[in-house]
Amino acid sequence: MADLDNKEQAELDPADMEDVEEVEEEETGEDVNSKERQLTVQMMQNPQILAALQERLDGLVGSPSGYMESLPKVVKRRVNALKNLQVKCAHIEAKFYEEVHELERKYAALYQPLFDKRSDIIKAVYEPTDEECEWKQEEEEELTEEMKEKAKLEEEKKDEEKEDPKGIPEFWLTVFKNVDLLSEMLQEHDEPILKHLQDIKVKFSDAGQPMSFTLEFHFEPNDFFTNTVLTKTYKMRSEPDESDPFSFDGPEIMGCTGCTIDWTKGKNVTLKTIKKKQKHKGRGTVRTVTKTVPNDSFFNFFSPPEVPESGELDEDSEAVLAADFEIGHFIRERIVPRAVLYFTGEAIEDDDDDYDEEGEEADDEEGEEEADEENDPDYEPKV
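The rules behind each value
Residues numbered from 1 in each chain as written. Predicted model: local features only at pLDDT ≥ 70, side-chain atom pairs only at ≥ 80, totals over all residues. Heavy atoms only, no water. UniProt positions renumbered as here; feature names shortened; annotations may be inferred. Helix = DSSP H or I, 4+ residues; strand = E, 2+ residues; numbered from the N terminus. Contact = heavy atoms within 4.5 Å. Areas by Shrake-Rupley, 256 points an atom, 1.4 Å probe, with all protein chains shown as cover. Patch = residues over 30% accessible without salt bridge, like charges linked within 9 Å, V, L, I, M, F, W, Y side chains within 5 Å. Salt bridge = Lys/Arg side-chain N within 4 Å of Asp/Glu carboxyl O. Lys, Arg positive; Asp, Glu negative; His and termini not counted. Charge placed at Lys NZ, Arg CZ, Asp CG, Glu CD. Buried < 20%, exposed > 50% of the residue type's maximum accessible area, 1.4 Å probe, protein only. Expected span 1.5 Å × (residues − 1). Bend = angle between axes of the 7 residues up to and from the residue. Polar contact = N/O pair within 3.5 Å; in protein donor to acceptor, adjacent residues only side chain to side chain. Core = buried A, V, L, I, M, F, W, Y, C linked by side-chain atoms within 4.5 Å. 1 Å grid on protein atoms, 1.4 Å probe; cavity = no way out; pocket = protein on both sides within 12 Å on 5 of 7 lines; lining within 4 Å. Points joined across faces, edges and corners; volume = space filled by probe spheres on them. Nonpolar A, V, L, I, M, F, W, Y, C, P; charged D, E, K, R; others polar. Pairing = 2+ DSSP bridges. Axes fitted to C-alpha atoms, helices over the stretch in contact; angles between N-to-C directions.

Under an unreviewed UniProt entry, the protein chain has the name Nucleosome assembly protein 1-like 1 and belongs to Pygocentrus nattereri. What UniProt records for the protein chain under Subcellular location (unreviewed entry) is the sentence "Nucleus". Quoted verbatim from the Sequence similarities (unreviewed entry) heading of the UniProt record, the comment on the protein chain is "Belongs to the nucleosome assembly protein (NAP) family."

Below you can see the structure in the form of structure tokens.
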């Protein structure tokens, strides 16, 4: 049998032998590639290796690639000219945002009568007409006149059974509770106070004044504080930083100031009283000490950390201010203009839809990757 195999091998054409050797080499190369891929997968699943890799990548952010250093001096000179042009573009962009701010001021005056009427309806100062209350849902099916009349009678019957509410009770409290960004700030002891919140207004700085906007929270008379309006002002800057002009990306909030809340005695929810027992080291006697300490509350929003002239803050203050700026911007850009949609939850559904779309895209990409892996002859599914 061995002689037969040797005979068949001897009869093979030398060219055929070369083909066989080449195929064997290719197969060996594929085996190596497969092992390399498996090793890479194992490494990428190791959290320590990933952490080290991320640390290395973070260290590379902003560092030169080496390409610029390799350019001839005359080319570098021209690149510097482009950078100077870019700085001029940043200054023009700053002027653009200043004009946008002026447009915001102009259109804020046009929106305000509508917002005032919204406030009057919420506070029961104005009762909208039947025509103003007509609203047809998009998904509502066509109803016969008989069915409409029946539904109307049922609603009237329910209204008769209930106490007639004035305006739209707890409108702004409901808005706050519906929005995650705001509800995270709310404490149980804040809710009775926010039931008295009647309106939130945005006021822009006057023409020729430094760019800023103020949030005004209007309250009806209540047992918690004597203020009728609580304010929060955000100072903005719309000009490139001379030390880093390329970082300019539109107006940025530079600082904010709150207001003093004139709390009724015993009603300040931003403070709490705690009792601590202290033991005397020598005599061994125990005494109870009462201390007043800060308390979590939405109303801390009106007492933000002060930004020193140096602009340097500790990490905790920086985190508080970053969150504060985000909340202030969100109230100005989203909550005030679209309050009714956050009250009904429709705006929240729109926000969720946006995130779902991103998720679907990610799922599609994952599906494509899975399909590619299944088509890969070296793919080994995880067990």
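Here the narrative resumes.
A.B. asks: Is there a simple way to think about the overall build of the protein chain in this case?
C.D. replies: When helices and strands are counted, the protein chain shows 13 helices and 6 strands. Sequence-distant contacts in the protein chain: of pairs separated by 6 or more residues, those separated by 24 or more amount to 57%. Taken as a whole, the protein chain presents about 29100 Å² of accessible surface, with 49% of it coming from carbon and sulfur.

A.B. asks: Is there a simple way to think about unusual backbone geometry in this case?
C.D. replies: Leave glycine aside and you will find that most residues have negative phi; peptide bonds, for their part, are mostly trans. Despite not being glycine, A124 has its phi angle at roughly 70°, a positive value. Within the secondary structure, A124 is located in the loop between helix 5 (73-122) and helix 6 (130-133). The phi angle at E170 is positive, at roughly 55°, despite the residue not being glycine. Following the sequence through the fold, E170 ends up in the loop between helix 7 (145-161) and helix 8 (171-178).

A.B. asks: Honestly, a negative patch on the surface in this entry has me stumped. Any pointers?
C.D. replies: Together, E239, D241, E242 and D244 make up a region of like negative charge exposed at the surface. Along the chain, D244 falls in the loop between strand 3 (229-237) and strand 4 (252-257).

A.B. asks: Looking at this model, I keep getting lost on the pattern of salt bridges. Mind explaining?
C.D. replies: In total, this model carries 10 salt bridges according to the counting rule given. Of the charged contacts in the structure, one is a salt bridge between K117 and E132, with a shortest N-O distance of 2.8 Å. Placement of K117 in helix 5 and of E132 in helix 6 is noted, with a sequence separation of 15 residues between them. Take E132: its relative accessible area is 38%, and that puts it in the partly exposed class. A salt bridge links D324 to K232; the nearest nitrogen and oxygen atoms lie 2.6 Å apart.

A.B. asks: Explanation requested: helix 5 in the structure shown.
C.D. replies: An α-helix turns once per 3.6 residues; consequently, residues spaced three or four apart project the same way. With 50 residues, helix 5 ought to run about 74 Å at 1.5 Å a step, and its terminal C-alpha atoms sit 68 Å apart, in line with that. Its axis deflected by about 35° at Y111, helix 5 carries its strongest bend there, up to four residues before the proline P113. Among all positions in helix 5, only A90, A94, H101, A108, Q112, F115, R118, S119 and I122 are buried. In the core, the buried residues of helix 5 are packed alongside helix 8, strand 1 (197-204), strand 2 (212-219) and helix 12 (339-344). With its phi angle positive at about 70°, A124 sits one or two positions after the end of helix 5.

A.B. asks: What exactly am I supposed to notice about the side chain of S119 here?
C.D. replies: Checked against the element boundaries, S119 lands in helix 5. A relative accessible area of 4% means that S119 is categorised as buried. Of the polar contacts made by the side chain of S119, one reaches the side chain of D199; its length is 3.5 Å. Excluding residues within four positions of it along the chain, S119 makes contact with Q198 and D199.

A.B. asks: Please clarify how the nonpolar core should be interpreted in this entry.
C.D. replies: Taken as a class, soluble globular proteins show a tendency for nonpolar side chains to be buried jointly. Formed by 47 residues in total, the largest nonpolar core has its most connected members in F176, F217, F298, F299, F301 and I331. Of all the elements, helix 11 (residues 315-335) adds the most residues to this core, at 6 residues. With residues up to four places along the chain from it excluded, the contact list for F299 reads D190, I193, L194, F219, F225, L230, I261, W263, V269 and T270.

A.B. asks: I keep staring at the layout of surface pockets and nothing clicks. Help me out?
C.D. replies: Rolled over the atoms, a probe with the dimensions of a water molecule shows which regions are left empty. Put simply, the second largest pocket is a space of about 820 Å³. For the second largest pocket, the lining is made up of 22 residues, of which I121, E132, W135, I168 and V340 are closest to its centre. Those elements that provide at least two residues to the lining of the second largest pocket are helix 5, helix 6 and helix 12. Broken down by element, the lining of the second largest pocket gets its largest block of residues, 6 residues, from helix 5. Residue composition of the lining of the second largest pocket, grouped by class: 14 nonpolar, 2 polar and 6 charged.

A.B. asks: Can you walk me through the sheet that holds strand 3 in this structure?
C.D. replies: Either a parallel or an antiparallel arrangement is found when strands of a sheet pair, and the pairing is made through backbone hydrogen bonds. The strand order across the open sheet formed by 4 strands is 1-2-3-4, and the pairing between neighbours is antiparallel. Here the strands that pair on one side only, and so sit at the sheet edges, are strand 1 and strand 4. Pairs of neighbouring strands in the sheet enclose a mean axial angle of 20°, with direction left out of account. When strand 2 meets strand 3, the two strands line up antiparallel, connected through 7 bridges. Among the inter-strand pairings, T214 is bridged to a residue of strand 3, identified as T233.

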